[in-house]
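Okay, here's what each chain looks like letter by letter:
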Amino acid sequence: MKLYFNELKDYSSNRPLEINETIDVKQQLLQRFPDQVLNASEFKISGVAFTDKGDVVTSLHVEGTLTVPSTRSLKPVDLPVYFQMDEIYVNSKAAEQRYDDEEAVFMVNEDGKIDIDNAVTENIVLQIPMIVLSSDEIAGNEEMPKGNDWEVLSSEEFQKRQEDTKKVDPRLAKLSQFFDDSED
């Protein structure tokens, strides 16, 4: 879906362009982010676009489903994605300076084209959490991965092993008292 900067000048915040579309960005996601996305549904987009002080403002709600690899086992996990994206498009550096750093402000290219598909694609990837686990992994029903000389531990198992290493061998108990006395 593409919008053009000049065509949106007729829409104000009182009379915005209504957007209710379904877009397919699966190929873009798979090509640009092959390690992070395994599959994607079509995404429903609803919202508005309008001009304000000569700049284009978009406010869109996006919903769909991604299939991403589990961060523990790399097994496919369906991840529902729904988020709000608010972006401002400007046609000059001077216009860009009017906004705070916290706002998402983008310069449009020479032809004034605003690529909504590309913006949605990038925002979708930003919605993927750092840790993604399958329902079996969350429930603890699946064995943790391990290999030669390494293994993944649950936090409980890690705590237990830490406590076990803190226990002093009774034969060396007198030595631990030696260090306590020497600190004085």
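Everything that follows concerns the structure shown earlier in this document.
A quick note: this is a predicted structure, and the numbers were derived from the prediction, not measured.

## Comments concerning the overall build of the chain
For the chain, the helix and strand inventory stands at six helices and 10 strands. Computed over its C-alpha atoms, the radius of gyration of the chain comes to 26 Å, more than 25% above the 16 Å expected for a compact globule of 184 residues. Taken over the C-alpha atoms alone, the chain extends approximately 85 × 45 × 25 Å along its principal axes. Across the 184 residues of the chain, 31% fall into the buried class. Taking the contacts inside the chain whose residues are at least 6 apart along the sequence as the reference set, 58% of them involve residues at least 24 apart. Of the accessible surface of the chain, which amounts to about 12700 Å², a share of 47% is contributed by carbon and sulfur atoms. One finds the centroid of the 19 positive side-chain charges in the chain at a distance of 3 Å from the centroid of its 38 negative side-chain charges.

## Brief notes about unusual backbone geometry
Unlike most non-glycine residues, Lys53 shows phi in positive territory, near 55°. Mapping Lys53 onto the fold places it in the loop between strand S4 (43-52) and strand S5 (55-69). Look at Asp149: it is not a glycine, yet its phi comes out positive at around 65°. Its place among the elements puts Asp149 in the loop between strand S9 (146-147) and strand S10 (150-151).

## What about the pairing of S4?
For S4, the buried fraction is high: seven of the 10 residues fall into the buried class. Looking at chain direction, strand S2 (residues 17-23) and S4 are connected through seven bridges and run antiparallel. The partner of Thr22 across the bridge, within S4, is Lys44. As paired strands, S4 and S5 are joined by nine bridges and run antiparallel to one another. When the sheet's bridge partners are listed, Ala49 is paired in S5 with Thr58.

The rules behind the values
- Residues numbered from 1 in each chain as written.
- Predicted model: local features only at pLDDT ≥ 70, side-chain atom pairs only at ≥ 80, totals over all residues.
- Heavy atoms only, no water.
- Helix = DSSP H or I, 4+ residues; strand = E, 2+ residues; numbered from the N terminus.
- Rg over C-alpha atoms; globule rule 2.2 N^0.38 Å.
- Buried < 20%, exposed > 50% of the residue type's maximum accessible area, 1.4 Å probe, protein only.
- Contact = heavy atoms within 4.5 Å.
- Areas by Shrake-Rupley, 256 points an atom, 1.4 Å probe, with all protein chains shown as cover.
- Lys, Arg positive; Asp, Glu negative; His and termini not counted.
- Charge placed at Lys NZ, Arg CZ, Asp CG, Glu CD.
- Pairing = 2+ DSSP bridges.

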